[in-house]
Amino acid sequence: MLLRKYIAIFNVTFKESLAYRFDAITSAVFSFAKIYLAFLLWQAIYDGKEVIGDYTFPMMMTYYILISFMSRLARSESIIWETSDEVRTGSFTKYITRPLKHFNYCVARSLSKGAFSFAVDVMAFAVWLIIFRHYFVIPSNWQSVVFSILFTILGLYTMMQVHYMIALISFKTVDIAGPYYLVSSFMGFMSGSFIPLMLLPTSIGSILAYTPFYYMLYYPAALYLGEGQDKMGLAFIVVVGWNVIMTFMRRHMYKKMLQLYEGVGA
Amino acid sequence: MIRVNHLKRDYYFKEKEPGFKGSLRYLFKPKKVTKTAVKDFSFHIKKGEIVGLIGPNGAGKTTLIKMLTGIIPPSEGTIDIMGFVPSELKDDFRKKYAVIMGQKSQLWWDLPALDSFQLNKEIYQIPDAQYEKNLKELVDIFEVEAFLQKQVRQLSLGQRMKMEIIASLLHDPEVIFLDEPTIGLDGVAQKQIRKFLKKVNEERHTTIILTSHYMEDIKSLCERIIVINDGEKVYEGTYQDLVNKVSPYKIVEVVFEIAVEVLIELPVEYMEKNPYKIKMKVDKSKVNEVVGQLFNHYAIEDLAIEEEDITDVVEKIYRDI
C-alpha cells in the first residue's frame, strides 16, 4: 500500500517526461555522439598496439559504449537541481506538509526518468551498436551480463545517494553549483567515466576499489568485459557497506538540514 | 483541537550593507542579525471553528501558519494539534490537515490537474469511493470540469487556485490552513472560495485557520479573529467587537427631495454637505436620534446607513491596536 504512492510518482514523472519527448530524443542521439569522439581518440592511441592496460581496442570501445549507456540511465543528478530550486523558492514545503518521504520521492522520480531514458536510448544505442558492431565485444558467458546488470543497479543507487546528499547542502548554501561541479568532476574521474580505472597505477586502483565511486560505472562495465569476477564478494561488501553508511549519513543530514528550512516566498 | 502556548520564532540572517565595501564585508565578516518574527503567542481553537489571522505585511501571520503546519519548528513554546506536535512531521498528522498557501503549488505544471489529484489520492491513500465523491463535489462547486484535462501551466490564476484547493482537500482534512487563498483572484472566484469554505465548515465541521488581506474573507467567514502585529497578538475576539472598538461610527447618507440648508445642530462629523445631499459620520449610539431629527425637519428622498469603509477600518486596526 505504501509503495503505491511512489509507483504513482513514478507514473506521473513518466507522463511529465513524455511532455518533453523531443528534448529527450535529441539529447539521446547527441549524448551517444561522444562514443564517436572516443573512437577517434583511442584509434590514434592504439595505433599499432594490440593491448593498452588489459584492453584491446574493441574492449575499449565496448567500455565507452557501456559507460555512455549507463550514464544515460543515471538520472539522479536532477535531484540536485530540483531540490536546490525548491529550497530556494520555498516549494520544498510540499514534501513537508504531505505524508511523503523526500528521498523515496526522489528515488521514484529518478527511476522513472531512467526508465524513460532507457526506452528512448535503446533505439539510439542500437544505431550506435550497428555502426560500431566490429568493435563491440559480446561476452563469452551469460554470468558476465547478469552480474554486470546487478552491479549497475547497485552503482546507480550509490550514485543516487551521493547526489541526494549534495542536494541537501542547498539547505545551507542555497547556491549548489560550486559543490556540484567539484563533486561531479571528482566523481566522473573516480567512477571511470573519463578513462577506464585499470589504466591508473595499480596502487591507486587498489585504493579506489575501497571507495563507492569505483562501483558506479567502472566495475559493472569491467564485469561485462569479463574482468573482476574473482573480486565480486569483496565488491559486494564494499558497495553495500558504503550504502549503509550513506543511508545513515543522508538521514542525519536531512534532519539537520530541515531545521534550516524557512519556506521562503510566502 | 489546537493549543498554542508561548510560541516564539527567531530568524537568523546575514545583513549586507550597500556598495562594494558592504559586499566585501559581507563576504568576509557578515553582520549576523536575529529577528523575532513571533513573540509569546498563545491561543486555543476549538473543533469546527473558523478563525482569521489578520495583520499587516510582515506581521508574522505566515510564520505562524508555517509553525502550525510543521514547515518550520518554533524557537520556543509548544503547539499541540489533535495530540500531535507538528514539527515531528508524523504521517498520521500530515494526513489530517491541509495547507493552502497562495504562492505555493503542489500541482504538476506540465500535466493536467487530474494527474496531480490522482497522485494525491495515492499519497493520502484515499479509498476509491471517497476520492470519486470528493472530486465530483469539489469540481461541481468550483465549476472546473472543463479544465481538468488542460495542462496546469495553461490555466488562469483563478482556475489554478481552485485546482490547488481541490488537490488539498480530496483527503477530507480535519483542519485547513489557508494563507491568502484569494490573493489575486477576481470577485467571482473569491466568492466561490468563501462559499465553499463555509460549506465545508458547516457540513464536515472542519476547523479553518485563515489569513487574508481581503477583509471581506475575514468578515464573511470568521467567527473569531486574531490580530497580529509585529509578531505579537494584539487582539482576539469577534470581528464585530473589533470593528466596534476601532470604529464606533456609522456612515449616514441622506438625499433630500428639494434643496435645503441643514441648520439644526447634529452630533455628527460631516463628510459631504450640499443642498441635496449630506454624508456624515455618526456615533453608533446616536444614529436613531440623528435620523429621527432629520425626518422631523426635512423631506427625505433616500437614506442609507452603512458601516465605515472596510479599508479604513483595517487601517485603524493596524494603527490603533
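S.K.: Would you explain the sheet that holds strand β11 (residues 268-274) of chain B in this entry?
M.R.: Backbone-to-backbone hydrogen bonds join strands into a sheet, with any given pair of strands oriented parallel or antiparallel. Residues and elements named next belong to chain B. Pairing within the open sheet is antiparallel, and its four strands lie in the order β11-β12-β10-β13. Since the sheet does not close on itself, it has two edges, and those belong to β11 and β13 (300-307), each with one partner. The average undirected angle you get between the axes of adjacent strands in this sheet is 15°. Sheet analysis places strand β10 (residues 249-256) next to strand β12 (residues 277-283), joined by seven bridges and oriented antiparallel. Bridge assignment links K250 to a residue of β12, and that residue is V282. Helix α10 (residues 287-297) rests against β10, β11, β12 and β13 of the sheet, and its axis sits at about 10° to β10.

S.K.: Can you help me understand unusual backbone geometry in this one?
M.R.: What is expected of a backbone is that most residues other than glycine have negative phi and most peptide bonds are trans. Residues and elements named next belong to chain B. At Q125, a residue that is not glycine, the phi angle is positive and equals roughly 50°. Relative to the helices and strands, Q125 is located in the loop between α4 (113-123) and α5 (128-142). For D230, which is not glycine, the phi torsion reads 55° and is therefore positive. By the secondary structure assignment, D230 is in the loop between β8 (224-229) and β9 (232-237).

S.K.: Honestly, the packing of helix α3 (residues 33-46) of chain A against helix α4 (residues 57-73) of chain A in this entry has me stumped. Any pointers?
M.R.: How two helices sit against one another is set out by the angle between their axes and by the gap between those axes. Residues and elements named next belong to chain A. With their axes 10 Å apart at the nearest point, α3 and α4 run at an angle of 155° to one another. With respect to α4, the axis of α3 lies roughly antiparallel. By crossing handedness, the relation of α3 to α4 is classed as right-handed. Note on element contacts: α4 touches α3 through F57, M60, M61, Y64, I65 and S68, opposite K34, I35, A38, F39, W42 and Y46. Split by residue class, the contact of α3 with α4 holds 10 nonpolar, one polar and one charged.

S.K.: How should the interface of chain B and chain A be read in this particular structure?
M.R.: Accessible area lost during the coming together of the parts is what is often quoted as the interface size. With 29 residues of chain B in contact, the opposing surface of chain A contributes 24 residues. Mapped by element, the contributors of at least two residues to the side of chain B that touches chain A are α2 (61-68), α3 (91-94), β5 (97-101) and α4 of chain B. In terms of residues, the side of chain B that touches chain A owes the most to one element, α4 of chain B, which gives five residues. Taken together, the residues of the side of chain B that touches chain A break down into 12 nonpolar, eight polar and nine charged.

S.K.: Mind showing me how you'd approach the pairing of β13 of chain B here?
M.R.: On a regular strand, each side chain points to the face opposite its neighbour's, so the side chains alternate between the two faces of the sheet. Residue and element names in this part refer to chain B. Taking burial as the measure, the eight residues of β13 include zero buried ones, a minor fraction of the element. Across seven bridges, β10 lies against β13 in antiparallel orientation. Of the residues in β13, the one forming a bridge with V252 is I305.

S.K.: Sorry if this is basic, but what is going on with the nonpolar core here?
M.R.: Side chains of a nonpolar character, in soluble globular proteins, are inclined to be buried together. Formed by 132 residues in total, the largest nonpolar core has its most connected members in Y63 and A221 of chain A together with I166 and F177 of chain B. With 13 residues, the top contributor of residues to this core is helix α8 (residues 142-173) of chain A. Among the nonpolar cores identified, the runner-up in size contains seven residues, and V252, I278, V282 and V290 of chain B belong to it.

S.K.: Honestly, the domain arrangement of chain B in this entry has me stumped. Any pointers?
M.R.: Residues and elements named next belong to chain B. Domain annotation for chain B reports domain 1 (2-6 + 37-244) and domain 2 (249-320). Put simply, the middle of domain 1 and the middle of domain 2, counted by C-alpha atoms, are 39 Å apart. Contact with domain 1, which involves six residues of that partner, is made by six residues of domain 2. Within the residue set of the side of domain 1 that touches domain 2, elements represented by two or more residues are β8 and α9 (239-246). Looking at the side of domain 1 that touches domain 2, its residues break down into five nonpolar, one polar and no charged.

S.K.: Would you mind showing me how to read the pairing of strand β7 (residues 207-211) of chain B here?
M.R.: Residues and elements named next belong to chain B. Across the five residues that make up β7, a large majority, five, are buried. Of the strand pairs in this sheet, strand β3 (residues 50-54) and β7 are connected by four bridges, and their pairing is parallel. Residue pairing in the sheet places G52 in a bridge with L210 of β7. Across five bridges, the pairing between strand β6 (residues 175-179) and β7 is parallel. In the sheet register, V175 faces β7, and the bridge partner there is T207.

S.K.: Got a minute to help me understand helix α6 (residues 157-169) of chain B in this structure?
M.R.: Residue and element names in this part refer to chain B. Taking 1.5 Å per residue as the helical rise, α6 with its 13 residues ought to reach 18 Å, and the 18 Å between its terminal C-alpha atoms agrees with that figure. Among the residues of α6, those classed as buried are Q159, R160, M161, K162, M163, E164, I165, I166, A167, S168 and L169. Against β5, α4, α5 and α7 (187-204) lie the buried residues of α6.

Rules used in this analysis
- Residues numbered from 1 in each chain as written.
- Chains lettered and ligands numbered in written order.
- Predicted model: local features only at pLDDT ≥ 70, side-chain atom pairs only at ≥ 80, totals over all residues.
- Pairing = 2+ DSSP bridges.
- Helix = DSSP H or I, 4+ residues; strand = E, 2+ residues; numbered from the N terminus.
- Axes fitted to C-alpha atoms, helices over the stretch in contact; angles between N-to-C directions.
- Contact = placed C-beta atoms within 7 Å.
- Parallel < 35°, antiparallel > 145°, perpendicular 65-115°, else oblique.
- Left-handed = near helix turned anticlockwise from the far one by under 90°.
- Nonpolar A, V, L, I, M, F, W, Y, C, P; charged D, E, K, R; others polar.
- Buried ≥ 20, exposed ≤ 12 C-beta atoms within 10 Å, placed from the backbone.
- Core = buried A, V, L, I, M, F, W, Y, C linked by C-beta atoms within 7 Å.
- Domains from an automatic or database assignment.
- Expected span 1.5 Å × (residues − 1).

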